[in-house]
Amino acid sequence: MSVKVKVHFENHSQIIHEILTEAKTEVCIAVAWINFKVYLGLFEKLISSNIKLRIICSDCNANRSHQIQIDWLIGKGAKIKLLKMPNGRNHMHHKFAVVDDDTLINGSFNWSPNATKSFENLTVIKNCPNEARKFKEEFERLLKVKTASIKALQKVNKCKQKGCGGELFNILVFSEKYSKYYELTGDLVRVCNSCEEYSRVKEDIVNNQLPILLQSYNGAADEYEEDVLYGLIADQLSGYMNKKETVHAIGRVATGLDGFDNDYIQTNILWKNVFVGTRLPDCFEDKSFDVFYDNSYTL
Ligand SMILES: [Zn+2]
């Protein structure tokens with residue numbers, strides 16, 4: 001059979017449904033962003049027809065917001081991997097699917113509602129076992145990628161205080177004030193999320209990239225930009241700890257007056273690694289972890 005190629009500039013979602021519904025044995029999907037709510041019915045149909053379904057997508061907030069659907073599909077037998085590249089410059093931005101080792105869907109289209117608003121392309125190639133094999137090799141490579149690094153990101157130690165049961169997080173806490181070179185100085189502190197316990201891991205860490213990255217990250221225009229900035233921040237942090245442990249979050253001391261003219265001090269969490277989630281609060285009230293570097297500039 002000869003190779004058949006079709007390029008689509010609209011109705012992408014419908015095309016995907018059509019092609020995947022024709023699957024007979026296996027579907028491998030590597031797409032950065034997938035709206036699992038929209039594709040749930042299709043994925044369910046594949047699984048119940050005994051078609052092997054494997055999915056790799058980016059580990060970001062957008063995909064994690066469908067965690068219920070993801071867990072449900074995994075429970076039904078799908079293999080789904082949310083992939084966060086530990087190195088920020090190696091993003092999972094693929095958008096391809098391999099069907100039955102001989103059909104390929106590839107293009108710029110993310111399988112998410114946002115993608116329908118922009119100009120995207122989708123190419124469907126049928127009867128192309130050689131190309132399909134190459135894409136499948138890439139798929140298998142992604143499945144294996146950096147499991148060790150991801151384990152390090154997920155690792156959290158238990159608090160040793162009697163009866164606490166809390167978890168210890170490594171937080172790079174910057175002081176409130178900038179130096180005149182727009183640098184921030186901070187300490188790496190290990191903080192319990194349950195009791196008052198904390199200890200100092202590293203002191204006097206100076207960084208002039210993170211302040212800028214953090215500002216952009218917290219004002220990111222969309223998920224894509226957020227994802228890229230997340231990676232750049234993670235890169236900056238990678239040098240501060242070893243292979244087995246990671247910096248879980250970045251915080252910054254803030255002081256001021258509250259509504260009743262009383263002084264307050266707190267540490268705001270500005271960035272968290274994706275595995276931490278709500279286990280770490282967004283703000284530590286009445287706490288500075290004794291991070292005070294007086295650079296005499298407040299911006
Ligand atoms: Zn504790």
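Worth saying up front: this structure is predicted, and the values here are computed from it rather than measured. (Residues numbered from 1 in each chain as written. Predicted model: local features only at pLDDT ≥ 70, side-chain atom pairs only at ≥ 80, totals over all residues. Heavy atoms only, no water.)

Enquirer: So, the sheet that holds strand β4 (residues 79–83): which residues are in play, and what are the values?
Expert: With mixed pairing, seven strands are arranged side by side in an open sheet as β1-β7-β6-β5-β2-β3-β4. One side of each edge strand has no neighbouring strand; the edge strands of this open sheet are β1 (4–8) and β4. Going across the sheet, the axis of each strand differs from the next one's by a mean of 10°, ignoring polarity. Strands β1, β2 (26–31), β5 (95–99), β6 (103–107) and β7 (122–126) of the sheet are contacted by helix α1 (residues 12–21), whose axis makes an angle of about 20° with β7. Contacts between helix α5 (residues 129–144) and the sheet are confined to β2, β3 (52–58), β4, β5 and β6, with β3 contributing the most and set at about 65° to the helix. (Pairing = 2+ DSSP bridges. Helix = DSSP H or I, 4+ residues; strand = E, 2+ residues; numbered from the N terminus. Axes fitted to C-alpha atoms, helices over the stretch in contact; angles between N-to-C directions. Contact = heavy atoms within 4.5 Å.)

Enquirer: Account for the coordination of the zinc ion, with residues named and values stated.
Expert: Within the first shell, the zinc ion binds the protein through Cys159 (SG), Cys164 (SG), Cys192 (SG) and Cys195 (SG), at distances of 2.2 to 2.3 Å. When the donor residues of the zinc ion are listed from N- to C-terminus, their spacing reads C-x4-C-x27-C-x2-C. Cys192 gets classed as buried once you look at its relative accessible area, which sits at 2%. We classify Cys195 as partly exposed; its relative accessible area is 23%. (Donors = N, O, S within 2.8 Å, 3.2 Å for Na, K, Ca; no water. Buried < 20%, exposed > 50% of the residue type's maximum accessible area, 1.4 Å probe, protein only.)

Enquirer: Give me the side chain of Lys95: which residues, what numbers.
Expert: Mapped onto the fold, Lys95 is located in strand β5. Each residue touching Lys95, except ones within four places of it in the same chain, is listed here: Ala30, Val31, Ile105, Asn106, Gly107, Ser108, Phe109 and Asn110.

Enquirer: Break down unusual backbone geometry for me, with residues and values.
Expert: Generally, phi is negative for residues other than glycine and the peptide bonds are trans, each holding for most cases. Here the phi dihedral of Asp100 falls at roughly 50°; this positive angle occurs in a residue that is not glycine. Within the fold, Asp100 resides in the loop between β5 and β6. If you check the backbone angles, Asn127 has positive phi at about 60° while not being a glycine.

Enquirer: Kindly report on the packing of aromatic side chains, identifying the contributing residues and their values.
Expert: Following the criterion strictly, the structure yields seven aromatic pairs and no others. A centroid spacing of 4.8 Å and a plane angle of 70° characterise the contact between Phe96 and Phe135, whose relative ring orientation is edge-to-face. On the criterion of sequence distance, the pair formed by Phe96 in strand β5 and Phe135 in helix α5 is long-range, its members being 39 residues apart. Assessed through its relative accessible area of 1%, Phe96 is described here as buried. Ring plane angle 85° and centroid distance 5.1 Å describe the contact between Tyr198 and Phe289, whose orientation is recorded as edge-to-face. Remark: Phe289 occurs in the segment after β14 (283–285) and Tyr198 occurs in strand β11 (residues 198–207); sequence separation between them is 91 residues. Aromatic rings pair up to connect Phe36, Tyr39, Phe43 and Trp111 into one cluster. (Phe/Tyr/Trp six-rings, centres within 6.5 Å; stacked < 30°, edge-to-face > 60°.)

Enquirer: Describe in detail α1, supporting the description with residues and values.
Expert: All buried positions along α1 are accounted for by His12, Ile15, Ile16, Ile19 and Leu20. Along the axis of α1, the buried residues cluster in a sector spanning 120°; they form a single face. Its buried side turned inward, α1 meets β1, β2, α2 (36–48), β5, β6 and β7. (Arc of directions from axis to C-beta.)

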